[in-house]
Amino acid sequence: MATLEERPILTEATAVVPENPDGKDEPRARKVSRHKTFRSWKATPAVTLLIGLSSVATFLGVWAMVTELGWVKPVFLPSPMSVLDQGIRLVETGDLWVSVIASSTRVFTGFGLAVLFAVPLGILIGVWWPAKAIMDPFISLLRPLPSITWIPLSILWLGIGEAQKIAIVFMGSWVYILLYTYESTKRVDPILIRAARNLSANDFAVMREVVLPGALSGIISGLKVTLAISWSCVITAEMVAANNGLGALIWQAKDWGNMPLVLMGMVCISLTVLVADWIMVRIERLLLPWERNLRE
Amino acid sequence: MKDVKNKASILSAQNVFKSYKISGQKDILAVEDLSLDINEGEFICIVGASGCGKSTLLNMFAGFISPTSGRLLLHGEPIVGIEPRCGMVFQSYALLPWKTVRGNVEFGLKMKGVSPKVRRERAEYFIDLVNLGAFADRYPSELSGGMRQRVTLARIFASDPEVLLMDEPFAALDAMTRQVLQEELLRIHEDQRKTTVFITHNIDEALVLADRIIVLSSRPGRVKAIVKNTLARPRHMTVQLSKEFTELKSEIWSFVEDEVRRHGSVTPEYP
Ligand SMILES: Nc1ncnc2c1ncn2[C@@H]1O[C@H](COP(=O)(O)OP(=O)(O)OP(=O)(O)O)[C@@H](O)[C@H]1O
Ligand SMILES: [Mg+2]
């Protein structure tokens, strides 16, 4: 990802420094850095990481300070050490894995079903207008509805077992997946479809060879956004009615007045979603090899 | 009911009008009362000012758009819908970004159900022909503009349609590559005698390649003049040094100049 920020903006300084006779191989920019330190710092991964780590360390330091010195009462904000303690205990007892696996299973089942349902449907409404006309009213009505509003009905119909959590995830994600897929399908360059037909492609081949790969990049971007939404759905559902999972974990901790555990639960949710994101990025690279030069 | 007069012509346009509608604006008449007969095996070059309707005409022959009135015929039958027998080389390449050079060149053959082995061989041959052997496994986004253009040529030659429609296929190329590909196209044409309609801005190019050169008037496009190219075949690039070439060139230029002068570059419909 070569972004603009990574390029040194203030390199003019390098131009005024004369050639260094004894260090021929040394790049000029480094020579400058001895005199004008900050100007020629490059945003290399190491430097970026270093800055990130120090900002986290500073934050933790301030947090530890205000809690240890008693400036903030532990019931309002527990100290980072007690949160870490809880984390260690969660790992030792194995509760962490049980919760992570319970929530992840629900997300991936609900999300997976939504993908299987909404991606083909999205392509269909993108290429065949009657399907769009049929779906439009439902999309308009369902899209503004937060998935949490499905909780009462889903409990009535499905009880409070796994199916109900999965249903909440499904209801919270499929409309978005459908819309992203539809939009991406619409954005496929019509000249490519013409070209394919001109080369004897039939309707089915146009779908398989042009529309689907053309929309894929947009669909996957949409899935990455929707996956985060799925996670918030499952956490909500677990907070309302469940006896395991990360959402249940922090809700129960709240009932017990165990604030460090609440915070640790939040950290775990964050980390789990990050890992899920990372997996999606891997899948994206695998599925979109032709975008390899855009990524470097 | 077929026209007796058109018996030999593989492709023809009869009193074709095409106007584009843009909501909230005046219609743009792109092609006006254009009639043209193209014979089997003929190489036609179309020249004319920018925006005079050349691409529009070619798009109608390919069946991408339909005329507002008039008829377009292939083998005496109306062209309805996209016509795979008229293979198009697009001005804007239109390569599939998710397919490698090889995948793009093989595409037409794959769609026709040619076996993987045969289509690989044929693709290989045409990829080498346009000098892209080392890039066969690259994606279009990893190629230069001229290289992409060469892929479109390999793709159309490999898929081997009955008629070649080429919309300024050499416009993005450097002078040397252009010359090499002109020679190649000339050789292939003299070999296969495939009917070709070729759009260019370059009169030299038209004279090297064509049997007949159609000069279109500035928009709306009408046939301004049809110049028969009397230069002998087989032709070679050195034909450009002959006296006959210079005479033909100035003849064509006089028609083109006329049109450019008459209309200038200002198009009144565009604010
Ligand atoms: N899809 C379209 N919608 C509206 N107007 C169009 C469209 N395509 C072309 N035109 C108009 O029709 C006229 C002819 O366009 P065309 O693309 O056929 O020109 P051209 O001769 O190929 O030009 P060039 O040499 O620049 O490629 C132009 O004035 C253009 O503005
Ligand atoms: Mg054009």
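Shown above is the structure to which this text applies.
Notes on the structure follow. Position labels on residues start from 1 in each chain and follow its written sequence. For this description, chains carry letters from A and ligands carry numbers from 1, given in the order in which they are written. The model is predicted, so local features are restricted to residues of pLDDT at least 70 and side-chain atom pairs to those at 80 or more, both for listing and for counting; the totals for chains, interfaces and linings are taken over all residues. Calculated side-chain values reflect all of the structure's heavy atoms, with hydrogen atoms and water omitted.

1. Side note on the overall build of chain B
Under the convention used in this document: Note on conventions: DSSP H or I runs of at least 4 residues are helices, E runs of at least 2 residues are strands, and numbering of each starts at the N terminus. What the globule rule says is 2.2 Å times the number of residues to the power 0.38, and the radius of gyration is computed from C-alpha atoms. In this scheme, a residue with accessible area under 20% of its type's maximum is buried, one over 50% is exposed, and one in between is partly exposed, where area comes from a 1.4 Å probe on protein chains only. In what follows, residue pairs with any heavy atoms lying within 4.5 Å of each other are defined as contacts.
Scanning chain B from terminus to terminus reveals seven helices and 10 strands. The C-alpha atoms of chain B give a radius of gyration of 19 Å, which matches the 18 Å a tight globule of 271 residues would have. Dimensions of chain B, computed from the C-alpha atoms along their principal axes, are close to 50 × 50 × 45 Å. Every one of the 271 residues in chain B was classed for burial, and the buried ones make up 53%. For chain B, the share of sequence-separated contacts (at least 6 apart) that also reach a separation of at least 24 residues comes to 69%.

2. Details of the side chain of A:Ser184
Residue and element names in this part refer to chain A. Mapping serine 184 onto the fold places it in helix 8 (residues 162-186). Taking relative accessible area as the criterion, serine 184 reaches 5% and is therefore assigned buried. Sequence-distant contacts of serine 184, defined by excluding residues within four places in its chain, comprise Ala215, Gly218 and Ile219.

3. Re the pairing of strand 8 (residues 195-199) of chain B
Residues and elements named next belong to chain B. Counted only if it meets this: When DSSP locates at least two bridges between a pair of strands, those strands are taken to pair. Whether a crossover is right-handed comes down to one check: with the strands pointing away from the viewer, does the path from the first strand over the helix to the second run clockwise; if it does, it is right-handed.
Of all five residues that make up strand 8, five are buried, and the element is covered over most of its length. Side chains Thr195, Val197 and Ile199 project from strand 8 onto one buried face, and the interleaved Thr196 and Phe198 project onto a second face that is buried too. Of the strand pairs in this sheet, strand 3 (residues 43-47) and strand 8 are connected by four bridges, and their pairing is parallel. Bridging across to strand 8, phenylalanine 43 finds its partner in threonine 196. Alignment of strand 7 (residues 163-167) against strand 8, held across five bridges, turns out to be parallel. Counterpart to leucine 164 in the pairing with strand 8 is threonine 196. As a crossover connection, the stretch from strand 7 through helix 5 (residues 175-192) into strand 8 is right-handed.

4. Some details on the nonpolar core
We count it as follows: We define a nonpolar core as any set of buried Ala, Val, Leu, Ile, Met, Phe, Trp, Tyr and Cys residues linked to one another through side-chain atoms lying within 4.5 Å.
If you look at the biggest cluster of nonpolar residues, it comprises 150 residues, and the most contacted ones within it are A:Trp231, B:Leu11, B:Phe61, B:Leu165, B:Ile213 and B:Ile252. With 15 residues, helix 10 (residues 203-240) of chain A is the largest single contributor of residues to this core. Those residues in contact with B:Leu165, other than ones at most four positions away along the chain, are B:Leu11, B:Leu58, B:Phe61, B:Ala62, B:Cys86, B:Gly87, B:Met88, B:Val89 and B:Val197.

5. Topic: the packing of aromatic side chains
Defined as follows: Here is the rule: rings of Phe, Tyr and Trp (six-membered ring for Trp) pair when centre to centre is within 6.5 Å. Planes less than 30 degrees apart are stacked, more than 60 are edge-to-face, and the remainder are tilted. Charge over a ring is defined by NZ of Lys or CZ of Arg lying within 6 Å of the ring centre and within 35 degrees of the ring normal.
Evaluation of the coordinates by the stated rule reveals nine aromatic pairs over all chains. Look at B:Phe64 and B:Phe90: their rings are 5.6 Å apart centre to centre, the planes differ by 15°, and that puts the pair in the stacked class. Taken as a pair, B:Phe64 in the loop between helix 1 (54-61) and strand 4 (69-74) and B:Phe90 in the loop between strand 6 (86-89) and helix 2 (101-111) lie far apart in primary sequence, 26 residues in all. Neither B:Phe64 nor B:Phe90 differs from the other in exposure class; each is buried. Joined through ring pairs, the aromatic side chains of A:Phe117, A:Phe170 and A:Trp174 make up one cluster. Lying across the ring of A:Trp251, A:Lys254 places its NZ or CZ 4.3 Å from the centre.

6. Focus: the interface of chain A and chain B
Our working definition: By convention, the term buried area covers the 1.4 Å-probe accessible surface removed from two parts as they join, with the contributions of both added. Between Lys or Arg on one side and Asp or Glu on the other, a salt bridge is scored when a side-chain nitrogen of the former is within 4 Å of a carboxyl oxygen of the latter. Within 3.5 Å is the distance limit for a polar contact, defined as a pair of N or O atoms, with the added protein rule that one can donate a hydrogen and the other accept it, and that residues adjacent in sequence qualify only through two side-chain atoms. Note on residue categories: nonpolar means Ala, Val, Leu, Ile, Met, Phe, Trp, Tyr, Cys or Pro, charged means Asp, Glu, Lys or Arg, and polar means any other residue, Gly included.
With 20 residues of chain A at the interface, the matching set in chain B holds 31 residues. Between chain A and chain B the total buried area reaches about 2100 Å² when both faces are included, carbon and sulfur atoms providing 65% of it. Applying the counting criterion to the chain A and chain B interface returns three salt bridges. One salt bridge in this structure joins A:Glu209 and B:Lys99, with 2.7 Å as the shortest N-O distance. Put simply, chain A and chain B have seven residue pairs in polar contact (both at pLDDT 80 or more) between them. Among the elements of the structure, helix 9 (190-198), helix 10 and helix 13 (292-295) of chain A are those that each provide at least two residues to the side of chain A that touches chain B. Counting residues per element, the side of chain A that touches chain B draws most heavily on helix 9 of chain A, at seven residues. Residues that form the side of chain A that touches chain B fall into these classes: 11 nonpolar, four polar and five charged.

7. Observations concerning the coordination of the magnesium ion (ligand 2)
Residues and elements named next belong to chain B. This is how the line gets drawn: In this listing, donors mean N, O and S atoms no farther than 2.8 Å from the metal, or 3.2 Å for Na, K and Ca; water is missing from the atoms, so a site can look incomplete.
Within the protein, the atoms that donate to the magnesium ion (ligand 2) are Ser55 (OG) and Gln91 (OE1), at distances of 1.9 to 2.6 Å. With a gap of 36 residues between them, serine 55 in helix 1 and glutamine 91 in the loop between strand 6 and helix 2 connect regions that are remote in the sequence. Glutamine 91 gets classed as partly exposed once you look at its relative accessible area, which sits at 40%.

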